[in-house]
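For reference, the chains in residue letters:
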Amino acid sequence: MEKPVQYTVRNYSKGDEVAIAKIFSECFGPTTPRRIIQWYRSHGAHPEDIFVGVIDGKLVSSVEVVFKQLHHGEGVYLKTAGISGVCTDSDYRKRGIVSNLMKLALDYAQQKGVSNASLFTGLDIPAHRIYQRLGFVDITTGRTYIKYIDYPSIFARWLRLLNRSLKDSKIAVRKLEGWEKSVVIQLKEVGTLSFRFRKKRFQRLRKPPKRADIEFSTDLKTYTKIVRGVVQWEDAVNTDKLVVKRGEPAEVEMLKRILNWRWDD
Ligand SMILES: CC(C)(COP(=O)(O)OP(=O)(O)OC[C@H]1O[C@@H](n2cnc3c(N)ncnc32)[C@H](O)[C@@H]1OP(=O)(O)O)[C@@H](O)C(=O)NCCC(=O)NCCS
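Anyway, here's the lowdown on the structure attached to this text.

So, the site of the ligand
Neighbouring residues of the ligand: 23 residues in total, closest Thr88, Lys94, Gly96, Ser99 and Arg133. Between Ser99 and the ligand, the recorded distance is 2.5 Å, taken from a side-chain N or O atom to an oxygen atom. Protein chains bury 81% of the 950 Å² of accessible surface belonging to the ligand in isolation. Only helix 1 (16-28), strand 4 (77-88), helix 3 (97-111) and helix 4 (127-133) provide two or more residues apiece to the shell around the ligand.

Given below as structure tokens:
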């Protein structure tokens with residue numbers, strides 16, 4: 001059990017966007033204070049809609065309530081308290097901060113006379129346990145489709161994004177320490193893509209290395225679903241949709257985390 005920690009909670013105040021951009025970069029990928037402000041402005045957020053957790057004067061956690069109209073079809077709308085920006089700095093997780101902030105956010109929504117709360121989230125992530133404990137029920141309201149027209153350019157962009165995220169993700173830096181590997185991905189419809197992680201950076205390789213540390217083949221559909229967390233790597237392997245041709249289990253484990261960019265545990 002972690003040592004109990006003293007934290008305080010309060011609403012957003014001007015200037016918090018700097019610390020919020022920092023923790024969001026770690027939780028959701030690179031962002032800047034300016035983009036945070038733009039996002040708040042885009043939906044007319046008020047300071048009292050944003051709850052933050054503070055330890056020793058440092059902002060370490062946030063939850064926001066975004067009041068929205070949910071469309072139920074045929075011109076019927078329902079006002080809902082959307083829960084957004086759920087994030088805690090990786091050094092301060094598992095101390096109950098987000099659970100507490102979410103309870104405050106839900107009480108606040110109730111005081112505002114809203115009958116329900118909703119949130120949209122990636123599939124199969126640890127945060128779901130918190131949501132379920134707080135009474136959220138998983139409802140599938142629709143499906144999202146994506147089609148890649150030029151996957152190699154998306155792959156290159158993905159590697160650039162990972163490098164940007166590494167600047168802010170202490171947890172990823174910690175986990176990747178010493179993992180200097182090369183990876184070859186054979187995608188049926190696209191061809192061979194490869195990268196390596198060296199000197200704390202991801203590098204795209206124009207030519208696949210003669211002997212990669214990890215090599216696997218699959219189709220673009222399965223790969224897309226794995227990266228988006230819709231299909232588990234193990235299920236793809238068990239159904240022969242993904243074949244690992246080379247790679248020690250521990251190295252493959254780390255690759256799976258890189259693909260999802262998920263580091264909670
Ligand atoms: C998900 C996330 C927001 C949780 O934040 P957090 O402040 O660690 O949340 P809590 O401490 O309230 O709860 C986390 C876990 O710690 C446990 N915990 C709470 N207080 C604890 C304590 N004093 N000691 C040990 N464990 C504790 C909780 O029971 C919970 O357990 P669970 O893993 O069974 O759910 C954080 O991990 C995060 O930022 N993840 C990346 C971003 C993300 O996925 N956001 C959600 C997008 S939808």
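Back to the text.
Comments concerning helix 9 (residues 249-260)
Each full turn of the α-helix corresponds to 3.6 residues, which orients residues three or four apart in the same direction. Helix length check: helix 9 (twelve residues) gives 17 Å between terminal C-alpha atoms against 16 Å at 1.5 Å per residue, within 8%. Trp261 lies just past helix 9 and shows a positive phi near 50°.

Looking at a positive patch on the surface
A cluster of basic residues, Arg35, Arg157, Arg160, Arg164, Lys167 and Arg201, forms a positive patch at the surface. Per element, the largest residue contribution to the positive patch is four residues, and it comes from helix 5 (residues 151-168). Structurally, Arg160 is set in helix 5. Taking relative accessible area as the criterion, Arg160 reaches 51% and is therefore assigned exposed.

Here's the deal with the side chain of Thr224
Tracing the chain through its elements places Thr224 in helix 7 (residues 220-227). Residue class for Thr224 comes out buried when judged on its relative accessible area of 12%. Those residues in contact with Thr224, other than ones at most four positions away along the chain, are Ile146 and Tyr148.

A word on unusual backbone geometry
Most peptide bonds take the trans configuration, and most residues that are not glycine carry a negative phi. Even without a glycine there, the phi angle at Asp56 is positive, about 45°. With respect to the helices and strands, the residue Asp56 is situated in the loop between strand 2 (50-55) and strand 3 (58-71). Unusually for a residue other than glycine, Lys94 sits at a positive phi of about 60°. For Lys94, the location among the structural elements is in the loop between strand 4 and helix 3.

A word on the state of the cysteines
Here, the word disulfide means a covalent bond between the sulfur atoms of two cysteines. By the definition in use, this model includes one disulfide. Bridging Cys27 to Cys87, the disulfide has an S-S length of 2.2 Å. The chirality of the disulfide connecting Cys27 with Cys87 is right-handed, given an S-S dihedral of about 75°. Of this pair, Cys27 sits in helix 1 while Cys87 sits in strand 4, placing them 60 residues apart in sequence. Both residues of the pair, Cys27 and Cys87, count as buried.

Re the environment of Val76
Note that Val76 resides in the loop between strand 3 and strand 4. Ignoring anything within four residues of it in the chain, the contact list for Val76 reads Leu70 and His71.

Brief notes about the pattern of salt bridges
As enumerated under the stated definition, the model contains eight salt bridges in all. Put simply, Lys58 and Asp89 hold a salt bridge, and the shortest N to O gap is 3.7 Å. One end of the pair, Lys58, is in strand 3; the other, Asp89, is in the loop between strand 4 and helix 3, and 31 residues separate them in sequence. Classification of Lys58 by relative accessible area gives partly exposed; the value is 35%. The partner of Lys181 in a salt bridge is Glu251, with the nearest N and O atoms 3.2 Å apart. Of this pair, Lys181 sits in the loop between helix 6 (170-176) and strand 6 (182-187) while Glu251 sits in helix 9, placing them 70 residues apart in sequence. Residue class for Lys181 comes out buried when judged on its relative accessible area of 19%. The buried category is assigned to Glu251, whose relative accessible area is 17%.

Concerning the sheet that holds strand 9 (residues 214-218)
Two modes of strand pairing occur in sheets, parallel and antiparallel, and in both the strands are linked by backbone hydrogen bonds. As summarised here, the arrangement of the five strands in space is 8-7-6-9-10, forming an open sheet in which the pairing is mixed. The outermost strands of the open sheet, each flanked by one partner alone, are strand 8 (201-205) and strand 10 (242-246). The average angle at which neighbouring strand axes cross in this sheet is 20°, direction not considered. As paired elements, strand 6 and strand 7 (residues 191-198) share six bridges and run antiparallel to each other. The residue of strand 7 that forms the bridge with Val183 is Phe195.

Rules used throughout
- Residues numbered from 1 in each chain as written.
- Predicted model: local features only at pLDDT ≥ 70, side-chain atom pairs only at ≥ 80, totals over all residues.
- Heavy atoms only, no water.
- Near = heavy atom within 4 Å.
- Polar contact = N/O pair within 3.5 Å; in protein donor to acceptor, adjacent residues only side chain to side chain.
- Areas by Shrake-Rupley, 256 points an atom, 1.4 Å probe, with all protein chains shown as cover.
- Helix = DSSP H or I, 4+ residues; strand = E, 2+ residues; numbered from the N terminus.
- Expected span 1.5 Å × (residues − 1).
- Patch = residues over 30% accessible without salt bridge, like charges linked within 9 Å, V, L, I, M, F, W, Y side chains within 5 Å.
- Salt bridge = Lys/Arg side-chain N within 4 Å of Asp/Glu carboxyl O.
- Lys, Arg positive; Asp, Glu negative; His and termini not counted.
- Charge placed at Lys NZ, Arg CZ, Asp CG, Glu CD.
- Buried < 20%, exposed > 50% of the residue type's maximum accessible area, 1.4 Å probe, protein only.
- Contact = heavy atoms within 4.5 Å.
- Disulfide = S-S within 2.5 Å.
- Pairing = 2+ DSSP bridges.
- Axes fitted to C-alpha atoms, helices over the stretch in contact; angles between N-to-C directions.

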